[in-house]
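Coordinates in review
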Amino acid sequence: MPKYKAPRGTYDILPGESYKWQYVRALFRQTARLFNYREIETPIFEDSNIFERTVGDTSDIVEKEMYKFQDKKGRIFALRPEGTASVVRAYIENGLHVKNNTSKLFYLGPMFRYDRPQKGRHRQFYQYGIENIGSVSPYIDAEVIALADHFLKKLGLENYQLQINSIGCENCAKDYDKALQEYFSSYRGELCADCQKRLDKNPKRILDCKVKSCQKIAVDAPSMLDYLDNDCAANFQALQAHLEEMEISFKINHRIVRGLDYYTQTAFEFVDNNLGAQNTLIGGGRYDGLIKKLGGKDQSGIGFAGGFERLLLAMKTEKIGFATEDIPDLYFVNIGSKAQKTGIKIMQELRQNDVSVEFDPDRTSISSQMKAANRAGAKFCLILGEDELVKKRVILKDMASGVQHEYPLDSIISEIRNRLASS
RNA sequence: GUGGAUGUAGUUCAAUGGUAGAGCACUGGAUUGUGGUUCCAGGCGUUGUGGGUUCAAGUCCCAUCAUCCACCCCA
């Protein structure tokens, strides 16, 4: 019936939900700070080349999911489909490497992909993520994972699993792709149509296929882990050792293939199987060529990103509570216009003293004002009528207990402040 | 991009092709100076939109848009 609706795949975060978002965002910021990451905000649109050159121009994201548009000068921009490329661009452009050898950055905000909406998937969705640029130490891989794990635990989630893999450096990956192509070629006719395409374009994806006949064939496919060179293998071993030191449980899943082209070596996912088809809570990995590709020094980086929607879904299925919804401290109930005048002055003063006050001038009867106070969840009611005005007193009522007392007008502010402080 | 299901009041849902209804929520009152319980009263909403079939369409058909779920992809 409404004339206008939110665009497909987008949605409004309404007051009944927004406090949950505040809560998870605050928790992520806190967690990032524990590990000394600092917040960065980048534009939500960028030169589309930034994504096309890094995410991979054969990936679905740039092939069909980007919101691209031209501005009045004909420049081609894209709404950011992910965060890493933008952060790295900002890192290079602002010379952040000069200040420190390594940069530890986190971000949060909306991302955009022209996808078919489904559970846990939207066209405008909200991600949080971190990037650690400049270090090649596998300890950092472990610490990045630890941060993600810490965050999920802090939220109270329990039903997730960490899966790790190494997809090797560029050289290992090449050898491995070749090996896969050799292996799967002999089964070409038995693979599904999609996998036949994947065989030429991106053979690793066959390992991920959900078609049963493909899975059967994939069981005996060569493992990436056998194709890692000495460095990559050592790093992967070191990562596992660090995770064990940190007592973070994980599972090696050599079928993790991150979708974005820039990933190398460490790849990991936090998966929650109660979420439905879109079950990746957090995904991340190391990206070695990315910084150079965007015009920076030959540095390495590692990071992850997670979707807030899926986080909220997981919290819902695990029945985890949030910090309470915002409610007013006080509701002002007035009877008569004279009382209202005095009340307005008191409210002004209360708000200047950090007391939140609600008042509805459209409600006249005291009964209806009390009802509204109750519904708003106010802790106290301030009741002011003609009688009190004459006595220069006001009534303060505790809504939970129903107990009320009169106080002199000139002491009410401090009385309320004391009562709120002790409640 | 593909497939399936679904679109009726703010919301959750009813209505053998024949005058569009209920619960919850909301507003007012009972209580003209006191909330939560209770009772009473208050509902035209282009039945998502546009066509078509029919004497007659919320109901059947087509298209379109949207939602949900899955494929795909990914956070």
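Refer to the structure above for everything that follows.
Residues numbered from 1 in each chain as written. Chains lettered and ligands numbered in written order. Predicted model: local features only at pLDDT ≥ 70, side-chain atom pairs only at ≥ 80, totals over all residues. Heavy atoms only, no water.

Some words on the pattern of salt bridges
Within this structure, the stated rule accounts for 17 salt bridges. Here Asp71 ties to Arg75 by a salt bridge, and the two come within 2.7 Å at their closest N and O atoms. The exposure class of Arg75 is partly exposed, given its relative accessible area of 47%. When the shortest N-O distance is used, the salt bridge between Lys153 and Asp149 registers 2.6 Å. Pair noted here: Lys153 and Asp149 are both in helix α6 (residues 138-155), with a separation of four residues, about one helical turn. Linked by salt bridges that have partners in common, Glu46, Arg89 and Glu93 make up one network. (Salt bridge = Lys/Arg side-chain N within 4 Å of Asp/Glu carboxyl O. Buried < 20%, exposed > 50% of the residue type's maximum accessible area, 1.4 Å probe, protein only. Helix = DSSP H or I, 4+ residues; strand = E, 2+ residues; numbered from the N terminus.)

Observations concerning the environment of Asp194
In this fold, Asp194 is placed in helix α8 (residues 193-201). Between the C-alpha atoms of Asp194 and Val211, which are 17 residues apart in sequence, the distance is 9.8 Å.

Describing unusual backbone geometry
A positive phi angle, close to 60°, is found at Glu247, a residue other than glycine. Mapping Glu247 onto the fold places it in the loop between α10 (230-245) and β8 (251-252). Look at Glu247 and you get exposed, because its relative accessible area is 72%. In the Ramachandran plot, Lys392 falls in the positive-phi region, its phi being about 55° despite a non-glycine side chain. By secondary structure assignment, the location of Lys392 is in the loop between α15 (386-391) and β15 (393-398). According to the relative accessible area criterion, Lys392 is exposed, its value standing at 59%.

Remarks on the packing of aromatic side chains
All chains considered together, the criterion is met by 21 aromatic pairs. Measuring from ring centre to ring centre gives 6.2 Å for Phe268 and Phe270, while their planes differ by 85°; the resulting arrangement is edge-to-face. For the pair Phe268 and Phe270, a shared accessibility class is recorded, and that class is buried. Each residue in the set Tyr11, Trp21, Phe28, Phe106, Tyr126, Tyr128, Phe151 and Phe308 is aromatic and connected to the rest through ring pairs, giving one cluster. (Phe/Tyr/Trp six-rings, centres within 6.5 Å; stacked < 30°, edge-to-face > 60°.)

Thoughts on helix α7 (residues 170-185)
The terminal C-alpha atoms of α7 lie 22 Å apart, and with 16 residues this matches the ideal 22 Å at 1.5 Å per residue to within 8%. For α7, every residue scored as buried is listed here: Cys172, Ala173, Tyr176, Ala179, Leu180, Tyr183 and Phe184. Buried residues of α7, viewed axially, fall in a sector of 125°; they line one side. In α7, the exposed residues that point more than 90 degrees away from the buried face are Glu170, Asn171, Lys174, Lys178 and Glu182. In this structure, the buried residues of α7 make contact with α8, α9 (212-219) and α10. (Expected span 1.5 Å × (residues − 1). Arc of directions from axis to C-beta. Contact = heavy atoms within 4.5 Å.)

What is shown is where atoms sit, not what they do.
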